[in-house]
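Here's the letter readout for the chains.
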Amino acid sequence: VSAAVDLSDVDTVLLDGHHPALALAAAKAQVPVVLDAGSRKPVFADLLPLVDVCACSSVFTDSVECPVVTRTHGPDPVEWFVDGQQGEVPVVKTEAKDTSGAGDVWHGALTLGVARLGRVPNAADMPELIAYANRVAGIRVQHEGASWRARLR
């Protein structure tokens, strides 16, 4: 992958580190960069300094130095850390029929919220951004397979 990736029409970048060269090139975009840190990838040492929002799962327990850090815990509250401030946002209890892809849906919804902001979120933004991602992921887990997408329209 060339470092000359054209991201001029992109509002926000979501990376997960599965494709290291592409992730490093995309992380240089002049827009907010969100990292899906479900589990550590070798590229994270080079990638984390370029990340604005590091969205960690409970499995990813390493210390993270990013402007914004979130940590999900399945059905338990999502923690957030921004500029020395921190908080928790509860997850709405729901009957889960299929949790496959719930984390990816959560990260996508968080990234959409960041894109709508048009900037790196601050502490005041976090409760609403996380509540939105929680709601979308909550819809996802109530349905088997991809049938949940029709509820978003």
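Scroll up for the structure.
Residues numbered from 1 in each chain as written. Predicted model: local features only at pLDDT ≥ 70, side-chain atom pairs only at ≥ 80, totals over all residues. Heavy atoms only, no water.

1. Section: helix H4 (residues 126-141)
Then, number 1: A rise of 1.5 Å per residue sets the reference length of H4, with its 16 residues, at 22 Å; its end C-alpha atoms lie 22 Å apart and thus fit the reference within 8%.
Then, number 2: Along H4, the residues that are buried comprise Met-126, Leu-129, Ile-130, Ala-133, Asn-134, Val-136, Ala-137, Gly-138, Ile-139, Arg-140 and Val-141.
Then, number 3: The elements touched by buried residues of H4 are strand S4 (68-73), strand S5 (76-82), strand S6 (85-89) and helix H3 (102-117). (Helix = DSSP H or I, 4+ residues; strand = E, 2+ residues; numbered from the N terminus. Expected span 1.5 Å × (residues − 1). Buried < 20%, exposed > 50% of the residue type's maximum accessible area, 1.4 Å probe, protein only. Contact = heavy atoms within 4.5 Å.)

2. What about the environment of Asp-36?
Then, number 1: Structurally, the position occupied by Asp-36 is in strand S2 (residues 33-37).
Then, number 2: For Asp-36, a relative accessible area of 12% translates into the label buried.
Then, number 3: Between the alpha carbons of Asp-36 and Leu-22 there is a distance of 14 Å; along the sequence they are 14 residues apart.
Then, number 4: Residues in contact with Asp-36, not counting those within four places in the same chain, are Leu-14, Leu-15, Asp-16, Phe-44, Ala-55, Asp-104 and His-107.
Then, number 5: A polar contact of 3.2 Å, which involves the side chain of Asp-36, links it to the backbone nitrogen of Gly-38.
Then, number 6: In terms of polar contacts, Asp-36 uses its side chain to reach the side chain of His-107, at 3.4 Å. (Polar contact = N/O pair within 3.5 Å; in protein donor to acceptor, adjacent residues only side chain to side chain.)

3. Describing the sheet that holds strand S3 (residues 53-56)
Then, number 1: Taken in spatial order, the six strands make up an open sheet running S1-S2-S3-S4-S5-S6, and their pairing is mixed. In this open sheet, the two edge strands, each paired with only one partner strand, are strand S1 (13-15) and S6. The average angle at which neighbouring strand axes cross in this sheet is 15°, direction not considered.
Then, number 2: Strands S4, S5 and S6 of the sheet are contacted by H4, whose axis makes an angle of about 145° with S5. (Pairing = 2+ DSSP bridges. Axes fitted to C-alpha atoms, helices over the stretch in contact; angles between N-to-C directions.)

4. Re the packing of H3 against H4
Then, number 1: Interhelical geometry of H3 versus H4 gives an angle of 145° and a closest axis separation of 8 Å. The handedness of the crossing between H3 and H4 comes out as right-handed. Facing Ala-102, Val-105, Trp-106, Ala-109, Leu-110, Leu-112, Gly-113, Val-114, Arg-116 and Leu-117 of H3, the residues of H4 in contact are Leu-129, Ile-130, Tyr-132, Ala-133, Asn-134, Val-136, Ala-137, Arg-140 and Val-141.
Then, number 2: Of the residues contributing to the contact of H3 with H4, the split by class is 15 nonpolar, two polar and two charged. (Left-handed = near helix turned anticlockwise from the far one by under 90°. Nonpolar A, V, L, I, M, F, W, Y, C, P; charged D, E, K, R; others polar.)

5. Topic: the pattern of salt bridges
A side chain of one charge can pair with a side chain of the opposite charge if their charged atoms are brought near each other.
Then, number 1: Applying the stated criterion across every chain yields a total of three salt bridges.
Then, number 2: Asp-62 is paired through a salt bridge with Arg-40; the nearest N and O atoms lie 2.4 Å apart. Taken together, the residues span a long stretch of sequence, with Asp-62 in the loop between S3 and S4 and Arg-40 in the loop between S2 and helix H2 (44-47) at a distance of 22 residues.
Then, number 3: A relative accessible area of 30% means that Asp-62 is categorised as partly exposed. (Salt bridge = Lys/Arg side-chain N within 4 Å of Asp/Glu carboxyl O.)

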